[in-house]
Amino acid sequence: MKTSVIHRLFKSPIAVCSRSSSRSLATKAVSSPDDGAEYSTDRSDVVISPDAARHFIERCIRRAGANASHAQQLADVLVTADYRGHYSHGLAHLDMYVGDLKNNLTNLAGIPGILKETVSTALVDGNHLLGPVVGNYAMGLAITKAKATGIGWVATRASNHFGIAGYYALQAVRNDMIGLVFCNSSPSAAPLRTRTLALGTNALCMAAPAANGDYFAMDMAVSTVARGKVELAMRAGQKVPSSWGLNKEGQHTTNPAELFHGGSLLPLGGEESTGGYKGYGLNLMVEILCGILADAAFGPLVRAWGDPSGEANLGQCFGAIDVNCFGNGFQQRLSALLNIMRHMDPTDTKAPVLVPGDPERQHMLKCDRLAGIPYPADIVRRAGEIAHKLGVQPLL
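The shown structure was predicted, so the numbers you read here are calculated from the model rather than taken from an experiment.

A. The overall build of the protein, seen in detail. Helix and strand counts for the protein come out as 12 helices and 13 strands. For the protein, the proportion of its 396 residues judged to be buried stands at 54%. For the protein, the accessible surface area stands at approximately 17,100 Å², while carbon and sulfur atoms represent 55% of it.

B. Up close: a nonpolar patch on the surface. On the surface, Ile-288, Ile-292, Phe-298 and Leu-301 cluster together to form a nonpolar patch covering roughly 390 Å² of accessible area. Locating Leu-301 in the fold gives a position in the loop between α9 (276-294) and β12 (314-322).

C. A look at the state of the cysteines. For the coordinates displayed, the defined rule picks out zero disulfides. Cys-290 provides the cysteine sulfur closest to Cys-183, a residue in no disulfide bond, and the two sulfurs are 6.0 Å apart. In this structure Cys-183 comes out as buried when scored by relative accessible area, which is 6%.

D. Up close: the packing of helix α2 (residues 50-63) against helix α12 (residues 377-390). Running from N to C, α2 and α12 point in directions that differ by 35°, and their axes come no closer than 10 Å. The chirality of how α2 crosses α12 is left-handed. Of α12, the residues touching α2 (which contributes Phe-56, Cys-60 and Arg-63) are Ala-383, Ile-386, Ala-387 and Leu-390. When grouped by side-chain class, the residues that make up the contact of α2 with α12 number six nonpolar, no polar and one charged.

Quick notes on the rules
Residues numbered from 1 in each chain as written. Predicted model: local features only at pLDDT ≥ 70, side-chain atom pairs only at ≥ 80, totals over all residues. Heavy atoms only, no water. Helix = DSSP H or I, 4+ residues; strand = E, 2+ residues; numbered from the N terminus. Buried < 20%, exposed > 50% of the residue type's maximum accessible area, 1.4 Å probe, protein only. Areas by Shrake-Rupley, 256 points an atom, 1.4 Å probe, with all protein chains shown as cover. Patch = residues over 30% accessible without salt bridge, like charges linked within 9 Å, V, L, I, M, F, W, Y side chains within 5 Å. Salt bridge = Lys/Arg side-chain N within 4 Å of Asp/Glu carboxyl O. Disulfide = S-S within 2.5 Å. Axes fitted to C-alpha atoms, helices over the stretch in contact; angles between N-to-C directions. Left-handed = near helix turned anticlockwise from the far one by under 90°. Contact = heavy atoms within 4.5 Å. Nonpolar A, V, L, I, M, F, W, Y, C, P; charged D, E, K, R; others polar.

This is the structure in structure tokens:
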């Protein structure tokens, strides 16, 4: 690529998002690499407005016993996940949060507390509150410390599932900071050379601000796939790639039920011969930054999925870095890098080169054009079952 083209890309954002909108949906996209594409829904999808989905979740969580503020925070995280296209971490997980509240595994009210603190670090007790309540508190604290010292680093314990990690990292982006978020989770993956479940899918996330509202946003599991995607495929009766994991006999399978019930997900990279040792190492890295650093549950000691016998006590970690404390022009250089990637000649002209955050922007555009979120019918059906059990006004 010629130098003149690279220089021009400094001022040529391809995918941007606005800074202003209601609540955390502030990452709403206004253009993307395939801005002219025609979007359509699967004929079985049900388009629901974000406000309707949010209010429904609030009704359910309030009926399960949580206070209004906690219900609103959870609803915003879940709807943001769906708006960004991460259905495995949105409304589809509502029953998990309701179950933890009704089984007294998640506290209904209260606030997180600081156990240890320096000018740039903190250890926070999540007090077994809803994960988004803990996450919002911890990232807000990290951002405050970064404004004062350049870097804020906050570890939390006694937390719960907090939805998509990107929700919190993007809070830092909106303050012209790099956001880093990590979380451990219930065992669903096996270390290499064993079939014994001992590690979670464990989230690793980084988001960074670029020029003109553009941004980089990588939010991923360090296993081949998030467990929630296996569950969605199982509910929909779909096959999954054989590279995702092993059944209980240690054989690759395309049946999501075999992965979900007694199977194990592989680390990012798959088998040892294909680089799985790298994903295994990243998984342990997240565990060190979360369960070990915060003195939370870790590895096989984290509560199993669906186990109603004890609190999750998840460990989470939140970092914020003020880019203005380093080299001038960070946002412009990042925009150049992102746009260089986007302008690369694609191997398939129908599939342009993307950067982390672009697929989510494309899904947000789809939602904007549909004037709502296209929910798979199975998720809507299960939401109706939850409403019936709780005795609340249904989603539809």
